[in-house]
Number of protein chains: 2
Amino acid sequence: MIKIDKNIKTPVYLQLYNQLKEEIITKQRKAHERLPATRTMAQDYQLSRNTVLNAYQQLESEGFLYSKVGSGFYVEEIPRMVVPQPITKQKPIDEHKKQTYACDFRYGSLEPNVYKSRAFRKALKDALYTLENQSFLHDGEAQGLFSLRKAISQHLKEVRGVHAGPKQIIITNGHQYSLKLLSEYFSPADHDLISEDPGHRDTREVFSKAGFIIHPVRVDENGIVTDELINYTHALAYVTPSHQFPLGAILPIGRRVQLLKWAYETGSYIIEDDYDSELRYKEQPVPALFSLDSRDRVIYLGSFSKSLSPDLRVSYIVLPASISLDDETLLSSSASLLIQLTLQKYIESGEYRKRINQIRNVLRKKHNLILDFIDHHYANRIKVFGIGGGSHFLLQIPTEYKEEEIIDLFHKYDVAVYPTSGYYINPNNQTDPMIMIGYSGISLTELPLCLEKLKTGLDAIIRS
Amino acid sequence: MIKIDKNIKTPVYLQLYNQLKEEIITKQRKAHERLPATRTMAQDYQLSRNTVLNAYQQLESEGFLYSKVGSGFYVEEIPRMVVPQPITKQKPIDEHKKQTYACDFRYGSLEPNVYKSRAFRKALKDALYTLENQSFLHDGEAQGLFSLRKAISQHLKEVRGVHAGPKQIIITNGHQYSLKLLSEYFSPADHDLISEDPGHRDTREVFSKAGFIIHPVRVDENGIVTDELINYTHALAYVTPSHQFPLGAILPIGRRVQLLKWAYETGSYIIEDDYDSELRYKEQPVPALFSLDSRDRVIYLGSFSKSLSPDLRVSYIVLPASISLDDETLLSSSASLLIQLTLQKYIESGEYRKRINQIRNVLRKKHNLILDFIDHHYANRIKVFGIGGGSHFLLQIPTEYKEEEIIDLFHKYDVAVYPTSGYYINPNNQTDPMIMIGYSGISLTELPLCLEKLKTGLDAIIRS
């Protein structure tokens, strides 16, 4: 029995539709039964004929009714089935909380905030203007916006000594995605992956998930120990020559040459992760390995995560001229056109280079402040890795505490410091634990206070 | 022999560095040779000692020199190698041109331009404000911004009858990426993929690249022929029930129930692509298949490509409660935080729903205009598929020309129409070719003129 209530909020059309549907599902109206004519139904319930027709047609389009010309609407035969009711008592809405600390020495966050930058906002506005006046929107080229690739190509030539045309550049939505594309281009049947040890965890995860065998190669105070590469042929070597992650070395020219020679002689490829090469505080950045390669064996990975913001989700790959990824591997372009255009305009305006200098200046001050602090309080006791560049230090602390105990203890002082054992494939044999402190997320003004807090923690654990 | 020229633009420090480096590479300075003391060098070339020290230290940090305390700088032993010179005569900058047509009936482009929308710009501004005042930037959760997922959850409940909490939602950077994640979650060893025939090409490509066997299942005027599913068990069925792509049917309730029963009985999963469900011009949108599923067998795919703009690169997956993707599969969150925040604010403000209505109104007018045009000029000659919804038609044309000839011929009239044979796995047995015309990228004002152009082409090929 259908009831129409004109005083409730639900439109009458919908009331009729819902109740008829219910009657069909529950078999109160049998298959092939003829529904009342729209005129009759309209009179019975004091509705307009159009309202009834709308409800009937909606039910027809969903397959609950069928119609015969000149004869009206009939109930469809529908397999019996329990249709779930909309959940009325919803589970309490999912909570999402993140533990926060007064001082978070997390690696990878970035300060100063790029969104406060007038130049960035101007670039965004310009990008919006371009998109607004574009008559034809498209989802972009699979490799990424051509004009952004052109801007990156120019930037890399000026700043990193990398000579590569826009066709060699692929825009990706983050470093992990760059790695993933490479793990799909190369086959685990043909190549193993060589990973610096300690080194980037993500890289190992992505490649190992794709079926690659991972071989660790030791890192000493000069970076990856290239002598140990002779054991491998036809490999992919993932390296961080400009700034070894996480230990901080710059790979000397001798080892660079050795690395390239090894690749040439053994049919191997080098994946050069140039993640924070701009951040040198004493010397100038060292030119990229890519710029030394004469035989198309180096693949270069760059990113805006360390120079602008990780949440932009834009990184890029520079391929040697002889390699190209097909569109099937690339899928569609992976970054929002608005963001790509903004970056293009930001780079072209010269503001990107200014921003890098600005970041470098701020980070240099923090770098020096922390070094002075360690030197003042813990000279010859705490060993510091990563001096001279980047945005993090590793502190090797003489203590009886284990790494996870140290992390927990610092949390009690409202300070987050980070473990390093996860970066190692072969367990770190050094007796004293190392913790990581990133300094890009803490502002220069907060840093002195945070160092005081750090001191309280360090004093509590350090062997006297 | 070192030459310092104070009248050229290159800083003297760099001149010294470059020339020393050159001498070391070319072995004019031998390994372990001691360099002149900084004081001597400074006097010889009338430089400051600091300038010399900077050049030396840079060379040291790059591994060309080593230093001994109190004794000075020495040349490192470097393996002999030809270091490539920076390419001076650059190749002409890569060109990137796209063929354009006066009337491009491309499927998937979108008009009206979202970037012109005041509400979208306001949402972007609000998002920027939020990011600007956020003390701690991060790269977001792997599943995507929680608050955006919450907004999508709410929207889907209201508009698509889909009840799913934010934890079931994953933000991806586009439809293909959604498919890729699913192709990685499911294993080709356990499941084959069932594809509508004709159906989405991308889906087949992504899954077949991941090693899945693809089985075509026929589509008739009501959508996928569910009777033919009985041949398969433990499969993944990729379907477009709200609006079959490309033929345009709405899957009737009877077949929906049959589809679910089949999944329940055979241990199969259904991937429901709800790509343009909002775009219905006569009836209301049909509730999603996901809303009928009581046993966690339907995975729902949604996107902002058809409602906002494909170049935003934001889509999403709604998983049944019993499925979750691990962070290793997800990698990092795949969309720029700025874009995610903008979408969240845009949806929350209610403007997203307004926009959908606006698009629907515009598309409805175009839809009707084109139908009237065909009806007026080609009634009973050209068969039209896709009436009642979406943003494209398929036109079946009685002609002696082949599909590719038709496309080429239209290009000569400055009109782009598109082939459909690529959507078929089994060749289309129909003798008359079908072409696709999308109408979302042509504005309402341009459409009449474009239909005139279309007519010229049609008249030239149609069998009289």
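Residues numbered from 1 in each chain as written. Chains lettered and ligands numbered in written order. Predicted model: local features only at pLDDT ≥ 70, side-chain atom pairs only at ≥ 80, totals over all residues. Heavy atoms only, no water.

So, on to the overall build of chain A. Of regular secondary structure, chain A possesses 13 helices and 16 strands. Radius of gyration (C-alpha) of chain A: 31 Å, far over the 23 Å computed for a compact globule of 464 residues. For chain A, the proportion of its 464 residues judged to be buried stands at 58%. Nonlocal contacts in chain A, meaning residues at least 24 apart in sequence, comprise 72% of its contacts between residues at least 6 apart. (Helix = DSSP H or I, 4+ residues; strand = E, 2+ residues; numbered from the N terminus. Rg over C-alpha atoms; globule rule 2.2 N^0.38 Å. Buried < 20%, exposed > 50% of the residue type's maximum accessible area, 1.4 Å probe, protein only. Contact = heavy atoms within 4.5 Å.)

Looking at chain A, the domain boundaries give domain 1 (12-75), domain 2 (103-109 + 358-463) and domain 3 (114-354). Computed over C-alpha atoms, the centres of domain 1 of chain A and domain 3 of chain A are 61 Å apart. (Domains from an automatic or database assignment.)

With that out of the way, let us pick up helix 11 (residues 351-378) of chain A. Over its 28 residues, helix 11 of chain A extends 40 Å from the first C-alpha to the last, a length consistent with the 40 Å expected when each residue adds 1.5 Å. In the segment just after helix 11 of chain A, N380 of chain A is the residue with positive phi, at about 65°. (Expected span 1.5 Å × (residues − 1).)

Residue and element names in this part refer to chain A. Strand order across the open sheet formed by 8 strands is 4-11-10-9-8-5-6-7, with mixed pairing between neighbours. The sheet is open, and its two borders are formed by strand 4 (169-172) and strand 7 (223-224), each paired with just one other strand. Helix 8 (residues 253-266) rests against strand 5 (192-197), strand 6 (214-220), strand 7, strand 8 (235-239), strand 9 (269-273) and strand 10 (298-303) of the sheet, and its axis sits at about 140° to strand 9. (Pairing = 2+ DSSP bridges. Axes fitted to C-alpha atoms, helices over the stretch in contact; angles between N-to-C directions.)

Attention shifts here to the pattern of salt bridges. All names here are of chain B. The full count for this structure, using the stated rule, is 26 salt bridges over all chains. Residue R463 pairs with D432 through a salt bridge whose shortest N-O separation is 2.9 Å. Taken together, the positions of R463 in the segment after helix 13 (447-461) and D432 in the loop between strand 15 (418-419) and strand 16 (434-438) put the pair 31 residues apart, joining distant regions of the chain. On the accessibility criterion, R463 (36% relative accessible area) is partly exposed. (Salt bridge = Lys/Arg side-chain N within 4 Å of Asp/Glu carboxyl O.)

All right, on to unusual backbone geometry then. Cis geometry marks the peptide bond from F245 of chain A to P246 of chain A, where omega comes out at 5°. Inspection of the secondary structure puts P246 of chain A in the loop between strand 8 and helix 8. The phi dihedral of Q46 of chain B falls on the positive side, at around 55°, and the residue is not glycine. Tracing the backbone through its elements, the reader meets Q46 of chain B in the loop between helix 2 (38-45) and helix 3 (49-61). Its relative accessible area of 63% is what places Q46 of chain B among the exposed residues. The phi dihedral of D414 of chain B is positive, around 65°, even though this residue is not glycine. Within the fold, D414 of chain B resides in the loop between helix 12 (403-412) and strand 14 (415-416).

Residues and elements named next belong to chain B. Going through the model one piece at a time under the given rule, you end up with 2 disulfides over all chains. Each disulfide pairs two cysteine sulfurs, and for C103 the partner residue is C450, the sulfurs being separated by 2.0 Å. Its S-S torsion of approximately -85° makes the covalent link between C103 and C450 left-handed. Of the two residues, C103 sits in strand 3 (residues 103-104) while C450 sits in helix 13, which places them 347 residues apart along the sequence. Taken as a pair, C103 and C450 share a single burial class, namely buried. (Disulfide = S-S within 2.5 Å.)

Attention shifts here to the pairing of strand 4 (residues 169-172) of chain B. Residue and element names in this part refer to chain B. Alternating residues of strand 4 divide into I169 and I171 and I170 and T172, and every residue in both groups is buried. Bridge count for strand 4 against strand 11 (residues 315-318) is 4 bridges, and the pairing is antiparallel. Along strand 11, the bridge assignment pairs I169 with V318.

As a further point, take the packing of aromatic side chains. The tally for this structure, following the rule as stated, stands at 33 aromatic pairs over all chains. Plain terms: the ring middles of Y177 of chain A and Y177 of chain B are 5.5 Å apart, the flat faces sit at 50° to each other, and that makes the pair tilted. Remark: Y177 of chain B occurs in helix 6 (residues 175-185) and Y177 of chain A occurs in helix 6 (residues 175-185); the pair is interchain, linking two chains. Assigned by exposure class, Y177 of chain A and Y177 of chain B land together as buried. Taking 5.2 Å as the distance between ring centres and 85° as the angle between the ring planes, the aromatic pair formed by F245 of chain A and Y423 of chain A counts as edge-to-face. One end of the pair, F245 of chain A, is in the loop between strand 8 and helix 8; the other, Y423 of chain A, is in the loop between strand 15 (418-419) and strand 16 (434-438), with 178 residues separating them in the sequence. (Phe/Tyr/Trp six-rings, centres within 6.5 Å; stacked < 30°, edge-to-face > 60°.)

Counting residues in hydrophobic clusters, the biggest one holds 154 residues, and the most contacted among them are W262 of chain A together with W262 of chain B. Those residues in contact with W262 of chain B that lie beyond four places of it in its chain are I194, L229, I230, Y232, A235, A237, S268 and I270 of chain B. Core analysis: the second largest hydrophobic core is formed by 44 residues, I299, L301 and L330 of chain A together with L179 of chain B among them. (Core = buried A, V, L, I, M, F, W, Y, C linked by side-chain atoms within 4.5 Å.)

Attention now moves to the packing of helix 4 (residues 118-132) of chain A against helix 4 (residues 118-132) of chain B. Contact pair helix 4 of chain A / helix 4 of chain B: the axes reach a minimum separation of 13 Å and the direction vectors enclose 160°. Here helix 4 of chain A is positioned roughly antiparallel relative to helix 4 of chain B, judged by the angle of their axes. For the crossing formed where helix 4 of chain A meets helix 4 of chain B, the hand is right-handed. Of the residues in helix 4 of chain B, those touching helix 4 of chain A at R121, L124, L128 and E132 of chain A are R121, L124, L128 and E132 of chain B. Here the contact of helix 4 of chain A with helix 4 of chain B is composed, by residue class, of 4 nonpolar, no polar and 4 charged. (Parallel < 35°, antiparallel > 145°, perpendicular 65-115°, else oblique. Left-handed = near helix turned anticlockwise from the far one by under 90°. Nonpolar A, V, L, I, M, F, W, Y, C, P; charged D, E, K, R; others polar.)

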